[in-house]
Amino acid sequence: MKSDKVDMLAPGSVIGILGGGQLGRMSALAAARLGYKVHIFSPEADGPAAQVAWKNTVAAYDDLAALEAFAKSVDVVTFEFENIPAAAAEILAKQKPTRPSPRVLHITQERLREKRFLEKIGVPVTAFREVTTAADLPAAVADIGTPSILKSASFGYDGKGQVRIEAGMDLADAWKKMGGSIAILEGFVDFDCEISVIVARNTNGDVALFEPARNSHKHHILDTSTVPAGITNKVAHAAEAIARNIATEIDLVGLLAVEMFVTKAGGVLVNELAPRPHNSGHWSMDGAITSQFEQHIRAICGLELGNPARHSDTVMTNLIGDEVETWPQLLADPDVKLHLYGKAEARPGRKMGHWNRIKPKSA
Ligand code: AMP
């Protein structure tokens, strides 16, 4: 199929996705529905994405020769996993349009860099200090106060590499538990709730926002995301304005999830960014006119963005570890849509699937 816009990739083109997990799987399914072919690059053979892809490259993220060959074989490159080495992103971007850009990955790969970028563009964030050695920690704790949270600056997710600091705690021990080389100490936010906004931006600079979802966690892992989020219009508008500002200032092409805290005073603080589809956007698969995965594909292929409006109230619940065994009951529920990721082994803490409970839109 031919496209009439220079930058528009027509259906039939090949989309390269770095990362082979469930986010890659659901992006690949959305791409296939629009007539694209997907080539997955992942260190894991037969992972969730590989099972549904047109082609697979199984190689390490630092295998530069394999990355180069992969980039040559596709029309556009994107990610479902952002923690790839900077050199890898540069190699890909030299060969093909890489969306989001290596710069976006660079900023969002490290908490300190991300926080400083957000501060620079005027986005409110939690109070923080850089901590480069265990010896710096007492001064940082004195500055920020307790309780606070010590987080490894890189490669943390789902609460990994995080230690809560309380008054009188052994700080040398806390540093060891955190386990990273450079850390950030953040003031603890006694939040009212956690929300996230997923924003898409295409090659024309058009922006589309999914409404905020309210997120709850269990053992540091996302448990549920609910829309509508039950927040005031004022908070929702503030959160959406922040997400729009970040997408524009970072020059996003693709999808970005913005996780935020709503404070008890009704303020909004950004916690962290993820430049890809996000677990808290899975509700959109059954509750919105366009899912976050379709929106991701539209954005990176230079297409018009789809309508992100909610058509149904939705509660998304993750299936972690052996919770996946409830699948027969979930399938029997007429208001539930089940999504399983094709993972063979239900290890504790592993995301095996999710389900959306939908009902007609209330407000
Ligand atoms: P993160 O890895 O930064 O997304 O943190 C994981 C979870 O820990 C968040 O979703 C919050 O529930 C909690 N958390 C992280 N940072 C803070 C903070 N500064 N204050 C209060 N809770 C936090």
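Coordinates for the structure precede this section.
This is a predicted model, so every value here is computed, not measured.

Draft legend 1. Region of interest: the overall build of the protein chain. Looking only at helices and strands, the protein chain features 11 helices and 17 strands. At 20 Å, the protein chain has a C-alpha radius of gyration in line with the 21 Å of a compact globule built from 363 residues. Along the first, second and third principal axes, the C-alpha set of the protein chain runs to 65 × 50 × 40 Å. The 363 residues of the protein chain split such that 55% are buried. Put simply, of all contacts in the protein chain between residues at least 6 apart along the chain, 62% involve residues at least 24 apart.

Draft legend 2. Just the pairing of strand β1 (residues 14-18), in detail. With respect to burial, β1 is a largely interior element, five of its five residues being buried. Burial along β1 is two-sided: Val14, Gly16 and Leu18 and Ile15 and Ile17, pointing in opposite directions, are all buried. Where the polypeptide runs from β1 across helix α1 (residues 22-33) and back to strand β2 (residues 37-42), its parallel neighbour, the crossover connection is right-handed. By the bridge criterion, four bridges tie β1 to strand β4 (residues 76-79) in an arrangement that is parallel. Across the sheet, the residue bridging to Leu18 is Phe79, located in β4.

Draft legend 3. Spatial organisation of the pairing of β2. Of all six residues in β2, five are buried, a share of seventy percent or more. Bridge count between β1 and β2: five bridges; the pairing is parallel. Opposite Gly16, over in β2, you have His39 as the bridge partner. Across four bridges, β2 lies against strand β3 (residues 55-58) in parallel orientation. In the strand pairing of β3, His39 is matched with Lys55.

Draft legend 4. Highlighting the packing of aromatic side chains. The full count for this structure, using the stated rule, is five aromatic pairs. Note on Phe191 and Phe261: the rings are 5.1 Å apart at their centroids and 5 degrees apart in plane angle, and the pair reads as stacked. Remark: Phe261 occurs in strand β13 (residues 254-263) and Phe191 occurs in strand β9 (residues 191-201); sequence separation between them is 70 residues. These aromatic residues form a ring-pair network of at least three members: Phe41, Tyr61, Phe70 and Phe81. A cation over a ring is seen here: Arg164 above Phe188, with NZ or CZ 4.3 Å from the ring centre.

Draft legend 5. The arrangement of the pattern of salt bridges in detail. Following the criterion strictly, the structure yields 19 salt bridges and no others. In this structure, Lys151 and Glu186 form a salt bridge, with 3.2 Å as the shortest nitrogen-oxygen distance. With Lys151 in strand β6 (residues 148-152) and Glu186 in strand β8 (residues 183-187), this residue pair connects regions lying 35 residues apart in the sequence. The pair formed by Lys151 and Glu186 is uniform in burial state, with each residue classed as buried. Where Arg357 meets Asp333, a salt bridge forms, and the shortest distance between an N and an O atom there is 2.8 Å. Of this pair, Arg357 sits in strand β17 (residues 351-360) while Asp333 sits in the loop between α11 (327-332) and β16 (336-340), and the two are 24 residues apart along the sequence. Overlapping salt bridges bring together Arg33, Glu294 and Arg298 as one network.

Draft legend 6. Geometry of the site of the ligand. Taken together, 16 residues sit near the ligand, with Lys151, Gln162, Val189, Glu194 and Glu272 positioned nearest. Here a nitrogen atom of the ligand sits 3.0 Å away from a polar atom, N or O, in the side chain of Glu186. Here the ligand, which alone exposes 480 Å², has 93% of that area covered by the protein. Broken down by secondary-structure element, the contributors of at least two residues to the shell around the ligand are β6, β8, β9, β13 and β14 (268-274). Its residues assigned to classes, the shell around the ligand shows five nonpolar, five polar and six charged. Summarising the domain contributions, the shell around the ligand has at least three residues from each of domain 2 (127-187) and domain 3 (191-360).

Draft legend 7. Just the nonpolar core, in detail. Judged by nonpolar contacts, the single largest core of 31 residues is most densely connected at Leu118, Ile246, Val258, Met260 and Val270. Of all the secondary structure elements, the ones that give two or more residues to this core are α4 (102-108), α5 (111-120), β9, α8 (233-249), β13 and β14. Broken down by element, the residue count for this core peaks at six residues, all from α8. Counting residues domain by domain, this core receives three or more from each of domain 2 (127-187) and domain 3 (191-360). Apart from residues lying up to four places away in sequence, Leu118 is in contact with Val123, Val125, Ile246, Val270 and Leu273. With 21 residues, the next largest nonpolar core counts Ala31, Ile297, Leu303 and Tyr341 among its residues.

Each value, and the rule that gives it
- Residues numbered from 1 in each chain as written.
- Predicted model: local features only at pLDDT ≥ 70, side-chain atom pairs only at ≥ 80, totals over all residues.
- Heavy atoms only, no water.
- Helix = DSSP H or I, 4+ residues; strand = E, 2+ residues; numbered from the N terminus.
- Rg over C-alpha atoms; globule rule 2.2 N^0.38 Å.
- Buried < 20%, exposed > 50% of the residue type's maximum accessible area, 1.4 Å probe, protein only.
- Contact = heavy atoms within 4.5 Å.
- Right-handed = clockwise from strand over helix to strand, strands pointing away.
- Pairing = 2+ DSSP bridges.
- Phe/Tyr/Trp six-rings, centres within 6.5 Å; stacked < 30°, edge-to-face > 60°.
- Lys NZ or Arg CZ within 6 Å of the ring centre and 35° of its normal.
- Salt bridge = Lys/Arg side-chain N within 4 Å of Asp/Glu carboxyl O.
- Near = heavy atom within 4 Å.
- Polar contact = N/O pair within 3.5 Å; in protein donor to acceptor, adjacent residues only side chain to side chain.
- Areas by Shrake-Rupley, 256 points an atom, 1.4 Å probe, with all protein chains shown as cover.
- Nonpolar A, V, L, I, M, F, W, Y, C, P; charged D, E, K, R; others polar.
- Domains from an automatic or database assignment.
- Core = buried A, V, L, I, M, F, W, Y, C linked by side-chain atoms within 4.5 Å.

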